[in-house]
Each structure stands twice: as C-alpha cells, then as structure tokens.
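Descriptive structure summary
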Amino acid sequence: MIKKILIANRGEIAVRIIRTCREMGIETVAIYSEADRLSLHTRMADEAYFIGPPPVIESYLRQEKIIEVAKKAGAEAIHPGYGFLAENADFADRVEEGGLIFIGPTGRTIRSMGDKTQARHTMQAAGVPIIPGTMVGIRDIEECRLEAAKIGYPVLIKASAGGGGKGMRIVYVEKELASAMRGAQGEAKSAFGNPEIYLEKYLEHPRHIEFQILADQYGNLIHLGERECSIQRRHQKLIEESPSTLLDDDLRGKMAQTALSVARACSYHNAGTIEFLLDQNRNFYFLEVNARLQVEHPVTEWVTGLDLVGEQLRIASGEPLALTQEEVKRNGHAIESRIYAEDVGEGFMPSIGTIRHLNVPGGYGVREDSALYKGCEITIYYDPLIAKLITWGRDRSEAIERMKRALGEYEIGGVETTIPFCQFVMNNPRFVTGEFDTHFVEEEFNGQSVGIAGEDLKETAVLGAILFQEWEKSKTIGLVQGNQRGKENRWKTQGIMQGLR
Ligand code: MV4
C-alpha cells in the first residue's frame, strides 16, 4: 500500500481525501497558495508546502512545481481531487514519468475520452448507444446543412474538444445554422484551442443520470449504481441524489452494463463516472466519461457503504478490487445539496467575504463536507462551492425531510449562500414527485422568493426592525440569521438585511 501521498487540491475535497488517508495510516502532503496559508487542508495535512500566489495558474496548476514538491516530500503518489489538474492527460503522464503514481486513470485514457468525436467512434464500436449525429468533425457550412437535414432539427452543435457545455449551440431552423456554426467554432477555438465542431440531435427535455464505476488494474470492473444530476443551472449542478426516481431495476441493469462497456472500451482504471442523457421515452445515450472523483461522490458512498477515496487508493496501490458486483449492496436514499457562496437573489453571483458565524448541522443521517471554519475567507480566486450537505433516509421522502431539517439548522454568516435555493428545491412539488429534467431550475425558479411583496410586507417590516436591533447588538450577520422565526422567513430576512445594509 502507498504510504504517503500529495494532494494537488484545496478546500473540501482536499480535506475529504486527508480524512481517509488518516484512517488508512497514509501520510499526507498538502500544497497551498498565498490565499490558503490558514486553510483547513493546509493545517490538517501532515506536511504542507507553499507553492505560489493565489491565482490558480501560479499555484494549483503548476504541474512541474507540484511534482517537484511531491518528490522532495517523499510522496509516492499524487491525488488530484476534482477540477484543477484532475483530468489533465499531460499531467497524469508527467506524474508517471516522474516515477510517481497518478491516482486516476492513465493519461492515454483521459486523452481518448477528451476528444468527443473519437469517443463517439470508440463507443459506437463497443455497442454503446450514442446520440444520433455526425461521426466526424464538420468543416464547411454545406456539409453542416446536409448533415443537419439528415439528423432532423433541432440539432445541437458541439465542440469536438469540448465538454461541460462550452461551445454548444442549439439550432431549431436551417436559417440559423450558419451563424450558429461560426459562433460555435469561434468559442471552441478560444476555449479549447481547437475549432472543430460536430452535430447531434438535440434532446429537448433530457435527464442527466451518471453511473459510478470502480476498475482495478487487472480488468476487474464493478458499478456502484447511479446518481441523478438533473437539478442544475448553467451546467453547475445544485442537487444530486441516488437512486434516481426514473430508473427501475430493468433500466438500471441495462445502463449499468453499458457503463461497464464504456469503461472497458477506454481501458479505464480507478474510480470513474459514465454520464448518460435520457430522453422522454427513457432511451439512454452515452454522453461523457468523467475521469475523476466527483463532487457528488458522497451520495454513492452513503447508499453503498463504501469509501470511494479508500477504493481509489487501494486501486492505485495495485490491489485488486476487494469486492465483486454481487457484494455491492445499495441501501436507502441519499441526497446532496451543494452550498455555493453565491447570491441567489442576484442571479447566483459569487459572494465573497469572511465567515463570521457558523453553525453546522448534524444529527442522525446528516453529513457535511466542507473546509469552513469561523474566520475563514471566501475569495474570488477559487470555485464558490464551499460545502456539501448530504442526508440519508430509508427512502427518498425521509432523505428530503432530513435535508429540510439540516438546511434549516445550517447558519453561515458573512457570505450569501445557496442554502435558500436548496430549501426551495426540497419544497418544490415537481422535485418531491420526481417529475423533473435538466430544465427544472429555469422553469421553476426565478428568484421569486427572495423578494418581499403584498401581504407579507407588514409582518416582514416588523421582523426586519427586530432583526435590525439584534444585528446592531451583535454586529454579526450570522446572529441575525440565527434569529430567524422559521425557515420560511429566512429569505425575507435576508432581503430586509440587504436593504438595511
Ligand atoms: C446535450 C443535450 C441535449 N441534446 N446533447 C451539456 C453538457 C455537455 N456535457 C452535454 N450537455 C448536453 N448535451 C444533446 N444531443 C443537453 C445537454 C445539457 C445538459 C446535459 C446534462 C446536464 C445538464 C445539461 C444542461 C443543459 C444541456
């Protein structure tokens, strides 16, 4: 077993990885930027090395520097977490060339899945269903017209080097095709350095469901079931859960076998995620491979009882999978609420500041993964995801009720957060009945609950005055939040406080 690893990341995921390492007796090496001198990951690791100024390009993305630190510290492996260098094929190669273990799949696997037209070919050859569309990149508008007519409108223009939604254009009628094509090519060139695009049939109301897989270096593969990730806004996931309300055992079984075929087809090892889109007739199509540990991995951990970071470390150490598919048992239901430092009332604008007040929920069936502490700074330099709140229930409705309870306990003072948005979702009838798709947020949420109107105005004014007094006394925004008269008043309260400030 690996004895010492460097964690090439920060925030909640670095803390998450350190925790498992400690349990397994693996020594940890943190790296930190100027902005993270006092951060939790810096303090929790056994050793920590300064790597540069706050901007990621000068710190967490410095490949050679990070590898040099790993060697100097005597680490045998590098865990990239998610984001930053996690899916950088060149980094994975460089780590291995430096005689270290990259905790993830090979650079070759990452590269082959990064090219979307190549991935479509590989998957088609493996008998995996892909969304109808072109199998090669498209260069000129005539070819584009021809192919779009063959596929049938609406079509979606995607970047060959893309992923995550960048450079995509929906086209409903032929006359919009030429300008959309030019736009997509320009965006693809500036975002990925490669202007190549291709076409797919546009699925109008898809659900986004992904399968977690584990694969060792000896060709053994298992799946750990699915995660439903349709509750998102502009490609930023907001709520995830497992299992999905849409799948029955038959469809789950078919998708799982397909996910394993995908992993085999790209010689995948370590923990990975296979993304699918499902159309309104529950036809499923391969979308992408995520060659990393994902933000939402805790929901899978909770329903399977497995520690995914532990499994990653064992696989990277060269151990064969310790369990067979038959030994994977799924139990109950888990939901994750992503807490971003964003102002929901201001179009999810990032909110920065010092955490002045913090009360973290707990109790039966509640897990909180974060790197928050009272006094920590939320800056503009890094991702606004500051915490993940996960609840478990024997069934979905118990997990939802527990999530409502936990969100109501959560007090974060000093920055605006998406807690009120998560509360909105937990109370939304379409979410509760499971009748939603990837358009849920744009259709159901328009920031309405943040405002104050009509009947509520008088009560709110009184409440605001009381709260203002409390605020003056305490001089902390956090105590004001703590004094709410019930969770339904929370947004009104925040609206008032904003007005008063
Ligand atoms: C699609 C699609 C509809 N039809 N492809 C968005 C991210 C990128 N990985 C692929 N994405 C989509 N591809 C076809 N042919 C809709 C999306 C999409 C989406 C997918 C998953 C989760 C959220 C999404 C939000 C908007 C669009």
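Note: the structure precedes this text.
The notes below deal with the structure included here. Just so you know, these numbers come straight off a predicted model, no measurement behind them.

Here we look at the environment of E87
When you line up the elements, E87 lands in the loop between strand 4 (77-79) and helix 4 (89-97). When the C-alpha positions of E87 and G114 are compared, they lie 8.8 Å apart, and in sequence the two are 27 residues distant. In contact with E87, not counting residues within four places along its chain, are I110, V289, N290, A291 and R292. Only 2.8 Å separates the side chain of E87 from the backbone nitrogen of A291, close enough to count as a polar contact. A distance of 2.3 Å separates polar atoms of two side chains, one belonging to E87 and the other to R292.

Brief notes about the site of the ligand
Contacts to the ligand come from 17 residues, most closely from K158, E200, K201, L203 and E288. L203 is positioned with one of its backbone polar atoms (N or O) 2.9 Å from a nitrogen atom of the ligand. Summarising the interface, the protein chains cover 89% of the accessible area of the ligand, which totals 520 Å² for the free molecule. For the shell around the ligand, the elements supplying multiple residues, two or more each, are strand 6 (155-159), strand 8 (197-201) and strand 13 (284-290). When grouped by side-chain class, the residues that make up the shell around the ligand number seven nonpolar, six polar and four charged. Formed jointly, the shell around the ligand draws a minimum of three residues from each of two domains, domain 2 (104-130 + 205-331) and domain 3 (132-201).

Details of the environment of K388
Structurally, K388 can be placed in strand 21 (residues 385-393). For K388 and S337, which are 51 residues apart along the polypeptide, the C-alpha to C-alpha distance reads 5.8 Å. Not counting chain neighbours up to four residues away, the residues in contact with K388 comprise E12, V295, H297, P298, E336, S337, R367, E368 and D369. For K388, the side chain forms a polar contact with the side chain of E12, separated by 3.0 Å. At a separation of 2.7 Å, a polar atom in the side chain of K388 contacts the main-chain carbonyl oxygen of V295.

Re the pattern of salt bridges
Inspection of every chain in the model, using the stated rule, returns 38 salt bridges. Residue R367 pairs with E301 through a salt bridge whose shortest N-O separation is 2.8 Å. One end of the pair, R367, is in strand 19 (residues 366-370); the other, E301, is in helix 10 (residues 297-304), and 66 residues separate them in sequence. Overall, R367 belongs to the partly exposed group, its relative accessible area being 21%.

Basis of the calculations
Residues numbered from 1 in each chain as written. Predicted model: local features only at pLDDT ≥ 70, side-chain atom pairs only at ≥ 80, totals over all residues. Heavy atoms only, no water. Helix = DSSP H or I, 4+ residues; strand = E, 2+ residues; numbered from the N terminus. Contact = heavy atoms within 4.5 Å. Polar contact = N/O pair within 3.5 Å; in protein donor to acceptor, adjacent residues only side chain to side chain. Near = heavy atom within 4 Å. Areas by Shrake-Rupley, 256 points an atom, 1.4 Å probe, with all protein chains shown as cover. Nonpolar A, V, L, I, M, F, W, Y, C, P; charged D, E, K, R; others polar. Domains from an automatic or database assignment. Salt bridge = Lys/Arg side-chain N within 4 Å of Asp/Glu carboxyl O. Buried < 20%, exposed > 50% of the residue type's maximum accessible area, 1.4 Å probe, protein only.

Purely geometric stuff here, so don't read any function into it on its own.
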